Amino acid sequence: MRPGVVSARPVAVVRLAAYHEHRDDPKEAAKVYERALEENRRNPVLLSLLAQLYHTRLNDDTKAMELAREAYGLAPDDSEVSHMLGRLVFKAGDQRWAVSLLERGSRTVGADPGRLYELGVAYHSVGRIADAERTIQS
């Protein structure tokens, strides 16, 4: 392993990144994920977590979208990955694809109110009013 490169062990990487986030240093958390991804770019969990960090803490939706798309390409059936990409795609204006992604993200997780609300809003945006009402009420 090269000096300064974090081992690609996902649990250790996630804990170290969480430590930096807890210390309100999202840039350092991003560096931790990026160093781990240098060793193994095919890790959809780390890609998705880094995408979420760029979206929520670093306010870079372009980078977040790039990472989320990459994660989705590796794990299209992963509900976390689908949901993350769905949120970004919706914000970018592609409501039809967002509905599909948010449906995938909500299907396997269960009745997470936040996810169901986002799915309901996406349904409404494409004119599926009955689905929107039913989803938001649930």
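Rules of the game
- Residues numbered from 1 in each chain as written.
- Predicted model: local features only at pLDDT ≥ 70, side-chain atom pairs only at ≥ 80, totals over all residues.
- Heavy atoms only, no water.
- Salt bridge = Lys/Arg side-chain N within 4 Å of Asp/Glu carboxyl O.
- Helix = DSSP H or I, 4+ residues; strand = E, 2+ residues; numbered from the N terminus.
- Buried < 20%, exposed > 50% of the residue type's maximum accessible area, 1.4 Å probe, protein only.
- 1 Å grid on protein atoms, 1.4 Å probe; cavity = no way out; pocket = protein on both sides within 12 Å on 5 of 7 lines; lining within 4 Å.
- Points joined across faces, edges and corners; volume = space filled by probe spheres on them.
- Nonpolar A, V, L, I, M, F, W, Y, C, P; charged D, E, K, R; others polar.
- Axes fitted to C-alpha atoms, helices over the stretch in contact; angles between N-to-C directions.
- Parallel < 35°, antiparallel > 145°, perpendicular 65-115°, else oblique.
- Left-handed = near helix turned anticlockwise from the far one by under 90°.
- Contact = heavy atoms within 4.5 Å.
- Core = buried A, V, L, I, M, F, W, Y, C linked by side-chain atoms within 4.5 Å.

K.L.:
Would you mind going over the pattern of salt bridges with me for this structure?
P.N.:
Pairing of side chains with opposite charge becomes possible as their charged atoms draw close. Under the definition given, this model contains 13 salt bridges. Of the charged contacts in the structure, one is a salt bridge between lysine 63 and glutamate 66, with a shortest N-O distance of 3.6 Å. Of this pair, lysine 63 and glutamate 66 are both found in helix 4 (residues 61–74), three residues apart, which corresponds to roughly one turn of the helix. Two residues, arginine 115 and glutamate 80, come together in a salt bridge whose shortest N-O distance is 2.8 Å. Placement of the pair is arginine 115 in helix 7 (residues 113–125) and glutamate 80 in helix 5 (residues 79–92), with a sequence separation of 35 residues. A relative accessible area of 8% means that arginine 115 is categorised as buried. Each of Glu103, Arg128, Asp131 and Arg134 takes part in one network of salt bridges that share partners.

K.L.:
What am I meant to see in the layout of surface pockets here?
P.N.:
To find the voids left in a structure, one rolls a probe of water-molecule size over its atoms. For the largest pocket, the calculated volume is near 150 Å³. Residue lining of the largest pocket: Val45, Ser48, Leu49, Gln52, Asp78, Glu80, Val81, His83, Met84, Arg87 and Arg115, and that is the complete set. Mapped by element, the contributors of at least two residues to the lining of the largest pocket are helix 3 (44–56) and helix 5. Of all the elements, helix 5 adds the most residues to the lining of the largest pocket, at five residues. Considering only residue class, the lining of the largest pocket consists of four nonpolar, three polar and four charged.

K.L.:
In this structure, what is going on with the packing of helix 5 against helix 6 (residues 95–107)? I would like to understand it.
P.N.:
In a packed pair of helices, the relevant descriptors are the angle between the two axes and the axis-to-axis distance. Where helix 5 meets helix 6, the closest approach of the two axes is 7 Å, and the angle between their N-to-C directions is 155°. Classified by the angle between their axes, helix 5 and helix 6 sit roughly antiparallel to one another. Remark: the crossing between helix 5 and helix 6 carries left-handed chirality. On helix 6, the residues touching Ser79, Ser82, His83, Leu85, Gly86, Arg87, Val89 and Phe90 of helix 5 are Gln95, Trp97, Ala98, Leu101, Leu102, Arg104 and Gly105. A breakdown of the residues in the contact of helix 5 with helix 6 according to their chemical character gives seven nonpolar, six polar and two charged.

K.L.:
Before we go on, may I ask you to explain the nonpolar core in this structure?
P.N.:
Here is a general trend for soluble globular proteins: nonpolar side chains tend to be buried in one another's company. If you look at the biggest cluster of nonpolar residues, it comprises 27 residues, and the most contacted ones within it are Tyr33, Leu50 and Leu85. With residues up to four places along the chain from it excluded, the contact list for leucine 50 reads Ala30, Tyr33, Glu34, Leu37 and Leu67. Grouped together as the second largest cluster of nonpolar side chains are seven residues, Val99, Leu102, Tyr123 and Ala132 included.

K.L.:
Any chance you could explain the packing of helix 3 against helix 4 here in plain terms?
P.N.:
Where helix 3 meets helix 4, the closest approach of the two axes is 8 Å, and the angle between their N-to-C directions is 160°. Considering their axes alone, helix 3 and helix 4 lie roughly antiparallel with respect to each other. Viewed along their axes, helix 3 and helix 4 form a crossing whose handedness is left-handed. Between helix 3, through Pro44, Leu47, Ser48, Leu50, Ala51, Tyr54 and His55, and helix 4, the contact on the second element is made entirely by Asp61, Lys63, Ala64, Leu67, Ala68, Glu70, Ala71 and Leu74. Among the residues making up the contact of helix 3 with helix 4, the classes are represented as 10 nonpolar, two polar and three charged.

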